[in-house]
Amino acid sequence: MKARGWYSGLVLSMAAALMGGVAQAETSATAGVTVAQLVERAPIHWVSIAQIEKSLEGVPPMNVGFDIDDTVLYSSPGFYRGIQIYGNHFSSNPEFWQLMNNGWDAYSIPKEVGRELIAMHLRRHDHIYFITARAASQTETVTNLLQKTFNIPASEMHPVIFTGIRPGENTKTPWLSKLNIKLYYGDADSDIEAAQAVHGRGIRVLRASNSTYVPHPQAGALGEEVIVGSDH
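Everything numeric in this text was worked out from a predicted model, so none of it was measured.

Next up on the list: the overall build of the protein chain. Scanning the protein chain from N- to C-terminus turns up nine helices and nine strands. Sequence separation of at least 24 residues holds for 68% of the intrachain contacts in the protein chain that already meet a minimum separation of 6. Carbon together with sulfur atoms contributes 59% to the accessible area of the protein chain, which is approximately 13,000 Å² in total.

Right, here's the structure in full:
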(Lines give C-alpha, C1' and ligand atoms only; values in the text may rest on other atoms or scores of the structure.)
Protein backbone atom coordinates (compact mmCIF):
# COMPACT_ATOMS: atom_id res chain seq x y z
CA MET A 1 0.00 0.00 0.00
CA LYS A 2 2.87 2.32 0.84
CA ALA A 3 4.55 1.66 -2.52
CA ARG A 4 1.29 2.25 -4.38
CA GLY A 5 0.73 5.49 -2.44
CA TRP A 6 4.25 6.67 -3.32
CA TYR A 7 3.71 5.86 -7.00
CA SER A 8 0.33 7.58 -7.05
CA GLY A 9 1.87 10.67 -5.47
CA LEU A 10 4.61 10.70 -8.10
CA VAL A 11 2.07 10.47 -10.92
CA LEU A 12 0.00 13.28 -9.45
CA SER A 13 3.10 15.47 -9.02
CA MET A 14 4.14 14.86 -12.62
CA ALA A 15 0.63 15.65 -13.86
CA ALA A 16 0.53 18.84 -11.84
CA ALA A 17 3.91 19.91 -13.20
CA LEU A 18 2.77 19.15 -16.74
CA MET A 19 -0.46 21.14 -16.33
CA GLY A 20 1.47 24.00 -14.77
CA GLY A 21 3.78 24.05 -17.79
CA VAL A 22 0.82 24.12 -20.15
CA ALA A 23 -0.80 26.94 -18.20
CA GLN A 24 2.45 28.89 -18.22
CA ALA A 25 2.81 28.39 -21.97
CA GLU A 26 -0.75 29.57 -22.51
CA THR A 27 -0.16 32.61 -20.31
CA SER A 28 3.06 33.59 -22.07
CA ALA A 29 1.37 33.22 -25.45
CA THR A 30 -1.49 35.56 -24.50
CA ALA A 31 -1.37 38.95 -26.23
CA GLY A 32 -0.74 41.88 -23.89
CA VAL A 33 -2.58 45.17 -23.73
CA THR A 34 -1.46 48.74 -23.18
CA VAL A 35 -3.15 51.29 -20.91
CA ALA A 36 -4.15 53.28 -23.99
CA GLN A 37 -5.86 50.21 -25.46
CA LEU A 38 -7.71 49.63 -22.19
CA VAL A 39 -9.17 53.14 -22.01
CA GLU A 40 -10.13 53.08 -25.68
CA ARG A 41 -12.71 50.41 -24.91
CA ALA A 42 -15.09 52.90 -23.31
CA PRO A 43 -18.09 53.66 -25.59
CA ILE A 44 -17.39 57.36 -26.07
CA HIS A 45 -16.44 59.56 -29.03
CA TRP A 46 -12.76 58.76 -29.45
CA VAL A 47 -10.73 60.76 -31.96
CA SER A 48 -7.10 60.81 -33.02
CA ILE A 49 -5.06 63.90 -33.78
CA ALA A 50 -5.01 62.87 -37.41
CA GLN A 51 -8.82 62.78 -37.42
CA ILE A 52 -9.00 66.23 -35.84
CA GLU A 53 -6.65 67.58 -38.51
CA LYS A 54 -8.71 65.91 -41.22
CA SER A 55 -11.89 67.50 -39.86
CA LEU A 56 -10.28 70.94 -40.19
CA GLU A 57 -9.40 70.61 -43.87
CA GLY A 58 -10.71 73.62 -45.75
CA VAL A 59 -11.35 75.55 -42.53
CA PRO A 60 -9.57 78.95 -42.53
CA PRO A 61 -7.01 79.70 -39.76
CA MET A 62 -8.82 80.30 -36.51
CA ASN A 63 -8.26 81.01 -32.84
CA VAL A 64 -7.51 77.86 -30.83
CA GLY A 65 -7.20 77.61 -27.05
CA PHE A 66 -5.36 75.26 -24.72
CA ASP A 67 -5.62 74.65 -21.02
CA ILE A 68 -2.18 74.09 -19.46
CA ASP A 69 -2.18 71.74 -16.45
CA ASP A 70 -2.81 68.09 -17.38
CA THR A 71 -3.47 69.20 -20.97
CA VAL A 72 -0.11 70.27 -22.40
CA LEU A 73 1.96 69.91 -19.21
CA TYR A 74 2.03 67.18 -16.59
CA SER A 75 2.55 69.70 -13.80
CA SER A 76 1.74 67.55 -10.77
CA PRO A 77 5.32 67.80 -9.35
CA GLY A 78 4.88 71.52 -8.68
CA PHE A 79 1.40 71.12 -7.27
CA TYR A 80 2.54 68.22 -5.07
CA ARG A 81 5.31 70.44 -3.71
CA GLY A 82 2.74 73.12 -3.03
CA ILE A 83 0.69 70.70 -0.94
CA GLN A 84 3.79 69.73 1.03
CA ILE A 85 4.68 73.35 1.85
CA TYR A 86 1.30 75.06 2.11
CA GLY A 87 -1.07 72.19 2.88
CA ASN A 88 -4.33 71.33 1.17
CA HIS A 89 -5.31 74.99 0.80
CA PHE A 90 -2.21 75.81 -1.23
CA SER A 91 -4.26 77.05 -4.20
CA SER A 92 -5.54 80.02 -2.20
CA ASN A 93 -2.03 81.11 -1.22
CA PRO A 94 -0.48 83.81 -3.47
CA GLU A 95 3.00 82.64 -2.46
CA PHE A 96 2.36 79.27 -4.07
CA TRP A 97 1.28 80.82 -7.37
CA GLN A 98 4.28 83.13 -7.41
CA LEU A 99 6.52 80.05 -7.15
CA MET A 100 4.48 77.86 -9.50
CA ASN A 101 4.28 80.52 -12.20
CA ASN A 102 7.93 81.49 -11.88
CA GLY A 103 10.07 78.40 -12.09
CA TRP A 104 8.35 75.32 -10.73
CA ASP A 105 7.19 74.41 -14.23
CA ALA A 106 10.81 73.45 -14.83
CA TYR A 107 9.74 70.19 -13.18
CA SER A 108 6.62 69.83 -15.32
CA ILE A 109 6.75 67.22 -18.08
CA PRO A 110 5.49 68.24 -21.54
CA LYS A 111 2.74 65.93 -22.75
CA GLU A 112 3.26 64.38 -26.16
CA VAL A 113 -0.34 65.10 -27.10
CA GLY A 114 0.38 68.78 -26.50
CA ARG A 115 3.42 68.69 -28.78
CA GLU A 116 1.49 67.05 -31.59
CA LEU A 117 -1.60 69.24 -31.31
CA ILE A 118 0.36 72.50 -31.18
CA ALA A 119 2.53 71.44 -34.12
CA MET A 120 -0.61 70.60 -36.10
CA HIS A 121 -2.23 73.95 -35.42
CA LEU A 122 0.96 75.81 -36.23
CA ARG A 123 1.02 74.07 -39.61
CA ARG A 124 -2.50 75.34 -40.15
CA HIS A 125 -1.43 78.87 -39.18
CA ASP A 126 -4.01 78.95 -36.40
CA HIS A 127 -3.62 81.50 -33.59
CA ILE A 128 -2.85 79.70 -30.32
CA TYR A 129 -3.87 80.97 -26.87
CA PHE A 130 -3.13 79.36 -23.51
CA ILE A 131 -5.96 79.99 -21.05
CA THR A 132 -5.48 78.57 -17.56
CA ALA A 133 -7.45 78.72 -14.32
CA ARG A 134 -4.21 79.24 -12.42
CA ALA A 135 -4.23 82.40 -10.32
CA ALA A 136 -2.25 85.30 -11.70
CA SER A 137 1.01 86.21 -9.95
CA GLN A 138 3.11 89.38 -9.84
CA THR A 139 5.40 87.96 -12.53
CA GLU A 140 5.34 84.79 -14.64
CA THR A 141 7.71 82.70 -16.74
CA VAL A 142 5.07 80.25 -18.00
CA THR A 143 4.66 82.06 -21.33
CA ASN A 144 8.37 81.81 -22.11
CA LEU A 145 8.53 78.18 -21.00
CA LEU A 146 5.60 77.14 -23.21
CA GLN A 147 6.97 79.05 -26.18
CA LYS A 148 10.33 77.28 -25.97
CA THR A 149 8.99 73.86 -24.96
CA PHE A 150 6.54 73.63 -27.85
CA ASN A 151 8.65 75.47 -30.44
CA ILE A 152 6.17 78.27 -30.98
CA PRO A 153 7.63 81.17 -32.96
CA ALA A 154 8.09 84.13 -30.60
CA SER A 155 6.18 86.36 -32.99
CA GLU A 156 3.13 84.06 -32.69
CA MET A 157 3.23 83.52 -28.93
CA HIS A 158 0.53 85.25 -26.93
CA PRO A 159 0.99 85.85 -23.17
CA VAL A 160 -0.65 83.19 -21.03
CA ILE A 161 -4.07 84.21 -19.71
CA PHE A 162 -4.53 83.46 -15.99
CA THR A 163 -8.25 83.47 -15.16
CA GLY A 164 -8.12 82.27 -11.57
CA ILE A 165 -10.96 80.39 -9.92
CA ARG A 166 -14.14 81.94 -8.53
CA PRO A 167 -16.76 79.71 -6.86
CA GLY A 168 -19.83 79.13 -9.00
CA GLU A 169 -18.30 80.75 -12.09
CA ASN A 170 -16.50 79.36 -15.11
CA THR A 171 -13.79 81.98 -15.42
CA LYS A 172 -12.66 80.74 -18.83
CA THR A 173 -15.94 81.31 -20.63
CA PRO A 174 -15.62 85.11 -20.97
CA TRP A 175 -12.12 84.76 -22.39
CA LEU A 176 -13.14 82.13 -24.92
CA SER A 177 -15.91 84.47 -26.01
CA LYS A 178 -13.70 87.56 -26.10
CA LEU A 179 -10.98 85.84 -28.13
CA ASN A 180 -13.47 84.06 -30.40
CA ILE A 181 -11.97 80.67 -29.59
CA LYS A 182 -13.42 78.13 -31.99
CA LEU A 183 -11.69 75.06 -30.57
CA TYR A 184 -10.52 74.54 -27.00
CA TYR A 185 -8.57 71.61 -25.54
CA GLY A 186 -8.74 70.72 -21.86
CA ASP A 187 -8.81 67.88 -19.35
CA ALA A 188 -11.47 69.22 -16.97
CA ASP A 189 -15.24 69.36 -17.31
CA SER A 190 -15.04 73.15 -16.92
CA ASP A 191 -12.86 73.31 -20.05
CA ILE A 192 -15.41 71.49 -22.17
CA GLU A 193 -18.31 73.42 -20.62
CA ALA A 194 -16.60 76.76 -21.37
CA ALA A 195 -16.17 75.80 -25.03
CA GLN A 196 -19.74 74.58 -25.34
CA ALA A 197 -21.06 77.76 -23.66
CA VAL A 198 -19.61 79.88 -26.49
CA HIS A 199 -20.73 77.37 -29.15
CA GLY A 200 -17.15 76.26 -29.71
CA ARG A 201 -15.70 72.81 -30.13
CA GLY A 202 -14.41 71.41 -26.85
CA ILE A 203 -12.07 68.43 -27.13
CA ARG A 204 -11.05 66.42 -24.08
CA VAL A 205 -7.44 65.58 -23.29
CA LEU A 206 -7.13 62.71 -20.82
CA ARG A 207 -5.67 63.48 -17.41
CA ALA A 208 -2.78 61.23 -16.36
CA SER A 209 -3.89 58.57 -13.88
CA ASN A 210 -1.29 59.72 -11.33
CA SER A 211 -2.18 63.41 -11.52
CA THR A 212 -2.56 65.21 -8.20
CA TYR A 213 -5.72 66.82 -9.58
CA VAL A 214 -8.46 64.53 -8.22
CA PRO A 215 -11.15 63.37 -8.49
CA HIS A 216 -10.76 62.53 -12.14
CA PRO A 217 -13.49 63.68 -14.55
CA GLN A 218 -15.69 61.34 -16.56
CA ALA A 219 -14.21 61.86 -20.02
CA GLY A 220 -16.86 61.89 -22.73
CA ALA A 221 -19.74 62.48 -20.33
CA LEU A 222 -20.50 65.87 -21.91
CA GLY A 223 -20.74 64.40 -25.40
CA GLU A 224 -17.35 65.81 -26.36
CA GLU A 225 -14.64 64.19 -28.44
CA VAL A 226 -11.85 62.53 -26.44
CA ILE A 227 -8.34 62.18 -27.83
CA VAL A 228 -7.03 58.61 -27.88
CA GLY A 229 -3.87 58.06 -25.84
CA SER A 230 -3.79 61.65 -24.60
CA ASP A 231 -2.99 60.82 -21.00
CA HIS A 232 0.72 61.28 -21.73
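Let us look at the pattern of salt bridges. According to the stated counting rule, one finds twelve salt bridges in the structure shown. One connected set of salt bridges, linked through shared partners, spans Asp67, Lys172 and Asp191.

The seven strands are arranged S1-S9-S8-S7-S2-S5-S6 in an open sheet whose pairing can be described as parallel. Each edge of the open sheet is held by one strand with a lone partner, namely strand S1 (46-47) and strand S6 (161-162). In the sheet, strand S7 (residues 181-186) pairs with strand S8 (residues 201-204) via four bridges, with the strands oriented parallel. Across the sheet, Tyr185 pairs through a bridge with Ile203, a residue of S8. Where helix H9 (residues 189-197) meets the sheet, its contacts fall on S7 and S8, and the angle it forms with S8 comes to roughly 165 degrees.

Among the structural elements, Ser48 can be located in the loop between S1 and helix H3 (49-55). Looking at Ser48, the relative accessible area reads 27%, which means it is partly exposed. On a C-alpha basis, the gap between Ser48 and Ile227 in space is 5.5 Å, while along the polypeptide they are 179 residues apart.

As a further point, take the packing of aromatic side chains. In this structure the tally under the stated criterion is eight aromatic pairs. Where Phe66 meets Phe130, the ring centres are 5.9 Å apart and the plane angle is 35 degrees; that geometry is what we call tilted. Here Phe66 is found in strand S2 (residues 63-66), whereas its partner Phe130 is found in strand S5 (residues 127-132), with 64 residues between them in sequence. For the residue pair Phe66 and Phe130, the accessibility class agrees, reading buried in each case. The structure contains a cluster of three or more aromatic residues connected by ring pairs, namely Phe79, Phe90, Phe96, Trp97 and Trp104. The cationic tip of Arg207 hangs over the ring face of Tyr213; the distance from NZ or CZ to the ring centre is 3.8 Å.

On to helix H7 (residues 142-149), then. Listed in full, the buried residues belonging to H7 are Val142, Thr143, Leu146, Gln147 and Thr149. Backbone geometry just after H7 places Asn151 at a positive phi near 55 degrees.

About the cut-offs
Residues numbered from 1 in each chain as written. Predicted model: local features only at pLDDT ≥ 70, side-chain atom pairs only at ≥ 80, totals over all residues. Heavy atoms only, no water. Helix = DSSP H or I, 4+ residues; strand = E, 2+ residues; numbered from the N terminus. Contact = heavy atoms within 4.5 Å. Areas by Shrake-Rupley, 256 points an atom, 1.4 Å probe, with all protein chains shown as cover. Salt bridge = Lys/Arg side-chain N within 4 Å of Asp/Glu carboxyl O. Pairing = 2+ DSSP bridges. Axes fitted to C-alpha atoms, helices over the stretch in contact; angles between N-to-C directions. Buried < 20%, exposed > 50% of the residue type's maximum accessible area, 1.4 Å probe, protein only. Phe/Tyr/Trp six-rings, centres within 6.5 Å; stacked < 30°, edge-to-face > 60°. Lys NZ or Arg CZ within 6 Å of the ring centre and 35° of its normal.

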